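Next come the chains, spelled out residue by residue.
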Amino acid sequence: MNTLPKKIAVLMGGPGSERAVSIATGKGVELPADIELAFIALHGTFGEDGQVQRILEARNVPYTGEGASESELAFDKIRSKEAFRRHDVATPYWQIITAGQRPTIPIPFVIKAPRQGSTVGVHIIRNEKDVDAAIADASTYDNELLVEKFIAGRELTIGILGEEALPILEIIPKGGFYDFTNKYPFLNPGAGGGAEHVCPAKISEEQTRAVQELALRAHRALGLEVYSRVDIMLPGEGEASVLEVNTIPGMTEASLLPEAAAAAGISYVELCERIVQLSEKRANRR
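Note that the coordinates shown come from a computational prediction; the quantities given were computed from them, not determined experimentally.

Caption draft 1: View of the overall build of the protein chain. When you go through the protein chain residue by residue, the secondary structure sums to 9 helices and 12 strands. When each of the 286 residues of the protein chain is scored for burial, the buried share is 53%. If you take every contact in the protein chain between residues at least 6 apart in sequence, the share linking residues at least 24 apart comes to 66%. Summed over its atoms, the accessible surface of the protein chain is roughly 12900 Å², and 49% of this surface lies on carbon and sulfur atoms.

Caption draft 2: Fine view of the side chain of H219. Looking at the element boundaries, H219 is found in helix α7 (residues 205–221). Leaving out residues up to four positions away in the same chain, H219 has contacts with E66, I160, G162, L224, E225, V226, Y227 and S228.

Caption draft 3: Representation of helix α9 (residues 268–285). For α9, which comprises 18 residues, the first-to-last C-alpha distance of 26 Å matches the rise-based estimate of 26 Å (1.5 Å per residue) to within 8%. Buried within α9 we find L271, C272, E273, I275, V276, L278, S279 and R282. Looking at the buried residues of α9, the elements they touch are β2 (38–40), β7 (154–161), β11 (227–234) and α8 (256–263).

Caption draft 4: Summary view of unusual backbone geometry. For the peptide bond that leads from I107 to P108, omega is 5°, which places it in the cis range. Its place among the elements puts P108 in the loop between β3 (94–98) and β4 (109–112). Residue P200 is reached from C199 by a cis peptide bond, and omega for that bond is 0°. Looking at where P200 falls in the secondary structure, it is placed in the loop between β10 (195–198) and α7. Phi angles above zero are rare outside glycine, and N60 is one such case at about 55°. Following the sequence through the fold, N60 ends up in the loop between α2 (51–58) and α3 (68–75). Positioned with a positive phi, D88 is a non-glycine residue whose angle comes to about 55°. Relative to the helices and strands, D88 resides in the loop between α4 (77–86) and β3.

Caption draft 5: Expanded view of helix α5 (residues 131–138). Those residues of α5 not exposed but buried are V131, A134, I135 and A138. Mapping the buried residues of α5 onto a view down its axis gives an arc of 100°, with all of them on the same face. Looking at α5, the residues exposed on the side facing more than 90 degrees away from the buried face are D132 and A133. Summarising the contacts, the buried residues of α5 are in contact with β3, β4, β5 (122–125) and β6 (144–149).

Caption draft 6: Local environment of the packing of aromatic side chains. Taken as a whole, this structure holds 0 aromatic pairs when the rule is applied. In this structure, R126 is placed above the aromatic ring of F150, and the distance from its NZ or CZ to the ring centre is 5.1 Å.

Caption draft 7: Examining the nonpolar core more closely. Membership of the largest hydrophobic core comes to 26 residues, with the highest contact counts inside it found for F84, L156, I158, L222, V230, I232 and V242. At the level of elements, α3, α4, β7, α7, β11 and β12 (241–246) are the ones that each hand at least two residues to this core. Sorting elements by how many residues they give to this core places α7 first, with 6 residues. If near-sequence neighbours (up to four positions away) are discounted, L156 is found in contact with I168, L169, E170, A201, I203, V211, V230, D231, I232 and L234.

Caption draft 8: How the structure looks around the sheet that holds β6. If you walk across this open sheet you meet the 4 strands as β3-β6-β4-β5, and the pairing is antiparallel. Where the open sheet ends on each side, the last strands, each with one partner, are β3 and β5. Adjacent strand axes in the sheet meet at a mean angle of 25°, parallel and antiparallel pairs treated alike. In this structure, β3 lies alongside β6, joined through 5 bridges in antiparallel fashion.

Caption draft 9: Local environment of the pattern of salt bridges. If you walk through the whole model with that rule in mind, you get 16 salt bridges. The closest approach of N and O atoms between D130 and K129, which form a salt bridge, is 3.3 Å. Between R274 and E164 there is a salt bridge whose closest N-O contact spans 2.8 Å. Taken as a pair, R274 in helix α9 and E164 in strand β8 (residues 164–165) lie far apart in primary sequence, 110 residues in all.

What counts and how
Residues numbered from 1 in each chain as written. Predicted model: local features only at pLDDT ≥ 70, side-chain atom pairs only at ≥ 80, totals over all residues. Heavy atoms only, no water. Helix = DSSP H or I, 4+ residues; strand = E, 2+ residues; numbered from the N terminus. Buried < 20%, exposed > 50% of the residue type's maximum accessible area, 1.4 Å probe, protein only. Contact = heavy atoms within 4.5 Å. Areas by Shrake-Rupley, 256 points an atom, 1.4 Å probe, with all protein chains shown as cover. Expected span 1.5 Å × (residues − 1). Arc of directions from axis to C-beta. Phe/Tyr/Trp six-rings, centres within 6.5 Å; stacked < 30°, edge-to-face > 60°. Lys NZ or Arg CZ within 6 Å of the ring centre and 35° of its normal. Core = buried A, V, L, I, M, F, W, Y, C linked by side-chain atoms within 4.5 Å. Pairing = 2+ DSSP bridges. Axes fitted to C-alpha atoms, helices over the stretch in contact; angles between N-to-C directions. Salt bridge = Lys/Arg side-chain N within 4 Å of Asp/Glu carboxyl O.

Without other data, these values stay purely geometric and don't point to any function.
Here it is as structure tokens:
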């Protein structure tokens, strides 16, 4: 790996709502000795939304992952949806409301704070009585909210490395939906969270190709070049739909990207190396 930089600084923690997850990711990241760049392991606000990328660019510090504007676009669920629509990427029907407004999408639907990660500020609404409380909570994070038609089906996630779609991973939560507790059970062992992961997902070869291609199209629609993890719902009938794209996926002991990479024969260290190499290629092209 002589082409890699000589030193590494892992950026983790940060002020966002996913600080604990970021610290866990940062502790997990391993790279060969004697390399130099900022490996961004900051999830959510500040790390994944373009802010830290702009700071690093201003200081001429190379870093992993996508550029500032691409990171900002992908992190914003509303702007991402608009990009998906422009590029004909299938995604659930949606509308935008502000605090005090009521959704017009029929129940069930999902209320989302558009600029948070790890399902922070996300509420699945199945009863009218739950709408006001959900809007009130999501509004603590943002004045503008995304309301999205609820799609029942199988939860799939697809890691993307450059132009390669990794094996599809299916998520089967132990309870409810794939929320913060189910994503990171090690952060709160007493909460009874967790999920079963099936990788490769047990779907037909035809569906596998279609879902991987959809994930790649979503990745490209946002102008991404390095790596991401695309979350997709696959209903019992009908086409798959993209929910969102994560530009700094978790790299913790419970994370999905390293698991999918392993299913493709890519070790954790190799995954980190690939991320560094792809990041350097992106920077050189710019």
